[in-house]
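# Architecture and fold: a report
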Amino acid sequence: SVYIDMTSDSKLNAILSLVRTVFVCMVLTLAAIYFSKDANDLALQPIERMIQKVNQLAKNPLALKDQEIVIENQANRKNQSEQFETVMIENAIIKIGALLALGFGEAGSDIVAMNMAQSGDVNPMVSGVRKIAIFGFCDIRNFTDATEVLQSEVMVFVNSIAQIVHSQVDRYNGAANKNIGDAFLLVWRFPPEYLSGEGQNLQLRNCDYVQNIADLSLIAFLKIIVKVNRSTVLNEYRSNKELNKRLPNYRVKMGFGLHIGWAIEGAIGSEFKIDASYLSPNVNMASRLEAATKQYGVL
């Protein structure tokens, strides 16, 4: 009988099979790694960031105002129109949050937070909350004449003044609440830790922080006066022939009123349009003080 030794062939086939198996495993592993990386980079991570931003918007609507727009890696993207959909949605959430913060302001943050946190339909008509704050009211003098002369340019005129007013108030720990044509309502709220009592017995604590906020509100108004008089943009209106014809030696003038007290903070309006603002005799007092400066010729 004849015996054929195939041991070496069997070993070689076994080794080749083993190598083939290892190779296939490595290819599948690398493919899974690359696939999961793309899934994480293009879908999972952006979705997690979106959820985080929505939760942040629900907790503190004002936080998204200073969020930076997400910029994806543009190595394989030639223009913004080719952005990934997830990046576009994420940036849209940031922009919507920033617009909500600008539109509702500090007074409307609770309204936005409550509606974001709860399920069901949007309900902007929430109950008001009693607050203690310093209310500032400032008004642009001779605004009717300026509007008739400047016509469409009056928007640039008002916004140039608003930029100065809002920036200085924000710098000195306040917040702009309402823009009422030629007037601005400004608020310096006191945090709950500096208040004592509840409801109608709510009072301010006597501490350095409270005194500092009062000082900052006054400094903000003084800075506004300085900035308005030094602004190169506003100084150009001094040489406007039509304005000087209507108002000789024209320059931008403003009146100011400051008052401290309680107010009800909440939504004012209906389901068609609301404004987040303050209702109180103390708010009216700030307006009356500003109006009194006209009678006494202040500024």
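Before reading on, note that the structure itself is shown above.
The paragraphs below set out a description of the structure included in this document. Worth saying up front: this structure is predicted, and the values here are computed from it rather than measured.

## As for empty space enclosed by the protein
- Here the structure, examined in full by the defined rule, presents one cavity of 30 Å³ or more.
- Roughly 40 Å³ of volume is contained in the largest cavity.
- Considering the residues around the largest cavity, the lining is formed by V228, N229, L234, N235, R238, R251 and V252.
- Elements with a contribution of two residues or more to the lining of the largest cavity: helix 6 (208-230) and helix 7 (232-235).

## Let's talk about the packing of aromatic side chains
- Considering all chains together, one arrives at five aromatic pairs under this definition.
- Ring plane angle 65 degrees and centroid distance 5.6 Å describe the contact between F135 and Y278, whose orientation is recorded as edge-to-face. Residue F135 is located in strand 1 (residues 129-140), and its partner Y278 is located in strand 7 (residues 274-279); the two are separated by 143 residues in the primary sequence. There is no split in this pair, since F135 and Y278 are both buried.
- Centre to centre, the rings of F221 and F256 are 4.9 Å apart; their planes meet at 45 degrees, and the pair counts as tilted. Within this pair, whereas F221 is found in helix 6, its partner F256 is found in strand 6 (residues 254-269), the two being separated by 35 residues in sequence.
- Assessed through its relative accessible area of 12%, F256 is described here as buried.

## A few points about a positive patch on the surface
- Taken together, the side chains of R171, K223, K227 and R230 define a basic patch exposed on the protein surface.
- Ranked by residue count, the leading element in the positive patch is helix 6, at three residues.
- Following the sequence through the fold, K223 ends up in helix 6.

## A look at the sheet that holds strand 3 (residues 183-189)
- Strand order across the open sheet formed by five strands is 2-3-1-6-7, with antiparallel pairing between neighbours. The open sheet has two free edges, formed respectively by strand 2 (175-180) and strand 7, since each of these has just one partner strand. Shown here is a sheet whose adjacent strand axes are inclined to one another by a mean of 40 degrees, direction ignored.
- Sheet topology places strand 6 next to strand 7; six bridges connect them, and they run antiparallel. Of the residues in strand 7, the one forming a bridge with I264 is L279.
- In the packing of helix 5 (residues 154-171) onto the sheet, contacts are made with strand 1, strand 2, strand 3 and strand 6, and the angle to strand 3 comes to roughly 10 degrees.

## Focus on unusual backbone geometry
- Even without glycine at this site, N142 takes up a positive phi of about 55 degrees.
- Summarising the element assignment, N142 is placed in the loop between strand 1 and helix 4 (143-150).
- Taking the relative accessible area as the measure of exposure, N142 reaches 37% and is therefore partly exposed.
- Phi at N249 takes a positive value of approximately 55 degrees, unusual for a residue other than glycine.
- With relative accessibility at 72%, the residue N249 sits in the exposed group.

Reading guide: rules and limits
Residues numbered from 1 in each chain as written. Predicted model: local features only at pLDDT ≥ 70, side-chain atom pairs only at ≥ 80, totals over all residues. Heavy atoms only, no water. 1 Å grid on protein atoms, 1.4 Å probe; cavity = no way out; pocket = protein on both sides within 12 Å on 5 of 7 lines; lining within 4 Å. Points joined across faces, edges and corners; volume = space filled by probe spheres on them. Helix = DSSP H or I, 4+ residues; strand = E, 2+ residues; numbered from the N terminus. Phe/Tyr/Trp six-rings, centres within 6.5 Å; stacked < 30°, edge-to-face > 60°. Buried < 20%, exposed > 50% of the residue type's maximum accessible area, 1.4 Å probe, protein only. Patch = residues over 30% accessible without salt bridge, like charges linked within 9 Å, V, L, I, M, F, W, Y side chains within 5 Å. Areas by Shrake-Rupley, 256 points an atom, 1.4 Å probe, with all protein chains shown as cover. Salt bridge = Lys/Arg side-chain N within 4 Å of Asp/Glu carboxyl O. Lys, Arg positive; Asp, Glu negative; His and termini not counted. Charge placed at Lys NZ, Arg CZ, Asp CG, Glu CD. Pairing = 2+ DSSP bridges. Axes fitted to C-alpha atoms, helices over the stretch in contact; angles between N-to-C directions. Contact = heavy atoms within 4.5 Å.

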